[in-house]
Amino acid sequence: MRKLWRHAQLTTLAGDAPWGRLADGALLTSGERIAWIGRDADLPRHLDVDAEHDLEGALVTPGFVDCHTHLVYGGARDDEFEARLHGASYAEIARQGGGILATVRATRQASDESLFASARRRALALLTEGVTTLEIKSGYGLTLADEARCLRVARRLGRELPLTVVSTYLGAHALPPEFAGCPDDYIAAVCAWLPALHAEGLVDAVDAFCETIGFSRDQTRRVFDAARTLGLPVKLHAEQLSHQNGAALAAQYGALSCDHLEYLDAAGIQAMAAAGTVAVLLPGAFYFLRETQPPPIAALRAAGVPLAVATDHNPGSSPLLSLLLALNLACTLFRLTPEEAVRGATVHAARALGLADRGILAVGRRADFAVWTLDHPRELTYWIGGCRPSRVIAGGQEVNRHALIATGSSLSA
Ligand code: DI6
Ligand code: FE
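Residues numbered from 1 in each chain as written. Chains lettered and ligands numbered in written order. Predicted model: local features only at pLDDT ≥ 70, side-chain atom pairs only at ≥ 80, totals over all residues. Heavy atoms only, no water.

Chemist: Describe the environment of Leu241, with residues and values.
Modeler: In this fold, Leu241 is placed in the loop between β10 (235-238) and α8 (246-252). Residue Leu241 is classed as partly exposed on the basis of its relative accessible area, which comes to 22%. Sequence separation between Leu241 and Phe116 is 125 residues; the distance between their C-alpha atoms is 31 Å. With near-sequence residues (within four places) excluded, Leu241 lies in contact with Tyr90, Glu211, Ile213, Tyr263, Leu289 and Glu291. (Helix = DSSP H or I, 4+ residues; strand = E, 2+ residues; numbered from the N terminus. Buried < 20%, exposed > 50% of the residue type's maximum accessible area, 1.4 Å probe, protein only. Contact = heavy atoms within 4.5 Å.)

Chemist: Can you break down the site of ligand 1 residue by residue, with the values?
Modeler: Taken together, 14 residues form the shell around ligand 1, and within it Arg77, Tyr90, Tyr140, His173 and Ser317 come nearest. A distance of 2.7 Å separates an oxygen atom of ligand 1 from a polar atom in the side chain of Arg77. In a pocket analysis with a 2 Å cut-off to the grid points, ligand 1 is assigned to the largest cavity. Of the residues assigned to the shell around ligand 1, the class counts are four nonpolar, eight polar and two charged. (Near = heavy atom within 4 Å. Polar contact = N/O pair within 3.5 Å; in protein donor to acceptor, adjacent residues only side chain to side chain. 1 Å grid on protein atoms, 1.4 Å probe; cavity = no way out; pocket = protein on both sides within 12 Å on 5 of 7 lines; lining within 4 Å. Sits in = over half its atoms within 2 Å of the grid points. Nonpolar A, V, L, I, M, F, W, Y, C, P; charged D, E, K, R; others polar.)

Chemist: I'd love a proper account of the sheet that holds strand β9 (residues 205-208), names of residues and values included.
Modeler: The strand order β6-β7-β8-β9 describes an open sheet built from four strands, whose pairing is parallel. Both outer strands of the open sheet, β6 (64-66) and β9, are each paired with one neighbouring strand and no more. Sheet twist, expressed as the mean angle between neighbouring strand axes with direction ignored, is 20°. Across three bridges, the pairing between β6 and strand β7 (residues 131-137) is parallel. Bridge assignment links Val65 to a residue of β7, and that residue is Thr133. On the sheet, helix α5 (residues 144-160) packs against β7 and β8 (164-172) and is oriented at approximately 170° with respect to β8. (Pairing = 2+ DSSP bridges. Axes fitted to C-alpha atoms, helices over the stretch in contact; angles between N-to-C directions.)

Chemist: Quick rundown of the state of the cysteines? Include the residues and the values.
Modeler: Summed over all chains, the structure comprises zero disulfides. In this model Cys210 remains outside any disulfide bridge; the closest cysteine sulfur is found in Cys258, 9.7 Å from its own. Under the relative-accessibility criterion, Cys258 is labelled buried at 0%. (Disulfide = S-S within 2.5 Å.)

Chemist: An account of the sheet that holds strand β12 (residues 278-281) is needed here, citing residue identities and associated values.
Modeler: As summarised here, the arrangement of the four strands in space is β10-β11-β12-β13, forming an open sheet in which the pairing is parallel. Looking at the sheet topology across the chains shown, the edges are occupied by β10 and β13 (307-309). Strand after strand, the sheet turns through a mean of 25° between neighbouring axes, direction not considered. Bridge count between β12 and β13: three bridges; the pairing is parallel. Following the sheet pairing, Leu281 is matched in β13 by Val309.

Chemist: So, the coordination of the iron ion (ligand 2): which residues are in play, and what are the values?
Modeler: Every protein donor of the iron ion (ligand 2) is accounted for by His68 (NE2), His70 (NE2), His237 (NE2) and Asp312 (OD), and the metal-donor separations fall at 2.1 to 2.3 Å. Coordination geometry of the iron ion (ligand 2): the four donor atoms subtend angles of 81 to 166° at the metal centre, consistent with an arrangement described as irregular. In terms of primary sequence, the donors binding the iron ion (ligand 2) are separated according to H-x1-H-x166-H-x74-D. Remark: His237 occurs in strand β10 and His68 occurs in the loop between β6 and α1 (78-85); sequence separation between them is 169 residues. (Donors = N, O, S within 2.8 Å, 3.2 Å for Na, K, Ca; no water. Tetrahedral: all angles 85-135°; square planar, octahedral: opposite > 155°, others 65-115°.)

Right under this line is the structure:
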């Protein structure tokens, strides 16, 4: 199928021009890919196409990439939100067996079908805003069987929704009760489970939570060694709540990304720059936990580290299901420019997932794009709520979001 999209204000994000903008542009898709892109006036004559759409001056951007989510879990943690409003801290709640472990209990009790139904609803909320590629981490199962269940749900979402899903094994997220007091034994188990998960085709990358309430550098290193043995790329939750030197360690392993980074130091920045590691900024967690120290954006920028922005959707520290709101928060709280924020949720987010075929609009890239009735792409970072694409195209196919939402509600009722 060859489809021609005409009279668009293209925000290609390709090349050096601001936003890669092309006024009155046209785009030809062939199957899942972009076959031609340029000025409408320069369209080759006598193009053989199956369908033609006039976008009447609407804005077109690449499909968004949400490169850091924990989308698959049971239950919710609104009770902890309320407890924090009464003075408890996130770390205290975690130490008392709440926090991540509360979600682990709810996830283990949830059926495969209910895990799938709730994750599907969340994925559709993101898709409705133009997200066409989504990373999903495990990390709320913490047994081989439960981690596998969660990763299978992620894979099933990728099969059943018009989204690309990248799945990340985060067995080293928290210490489960079975291993209380024995974190090294748990890390041995996390490493021992990985080959089976990988053999089943469930793992695209490996992540860990390197933190006082998570795992140490040495434990993180063991997880990374297990990943390296299987040729799997790594990424890290690094320097979120305290400085652990995790980012420098991850960079030594050529990590795709280091994520959070509020407490990142100059050595970590240099290591990331040298390794080409992407900094994934998660302003939703910063906002929801009322953190006060923002990541060192100016120094990351000066060092040439690519900046990505993601939702970090999870029930504890970032119950955020809007990548557009994450973009606004990245600008207001972290002082990203609107163009940096939008590049952070497209081209740099794709790079954080090791995907070279998307994130910009260019010939040969995936035909993932969103159409917006906006005048300027910076509006994507400006409006707080209420901004939705009028159309979403994933792999060259128009996504019927209303039909997907209607089907899901009847299945999960
Ligand atoms: N850092 C986070 O922000 C999430 N996980 C992590 O390692 C929080 C997960 C949760 O509170 O459930
Ligand atoms: Fe996270």
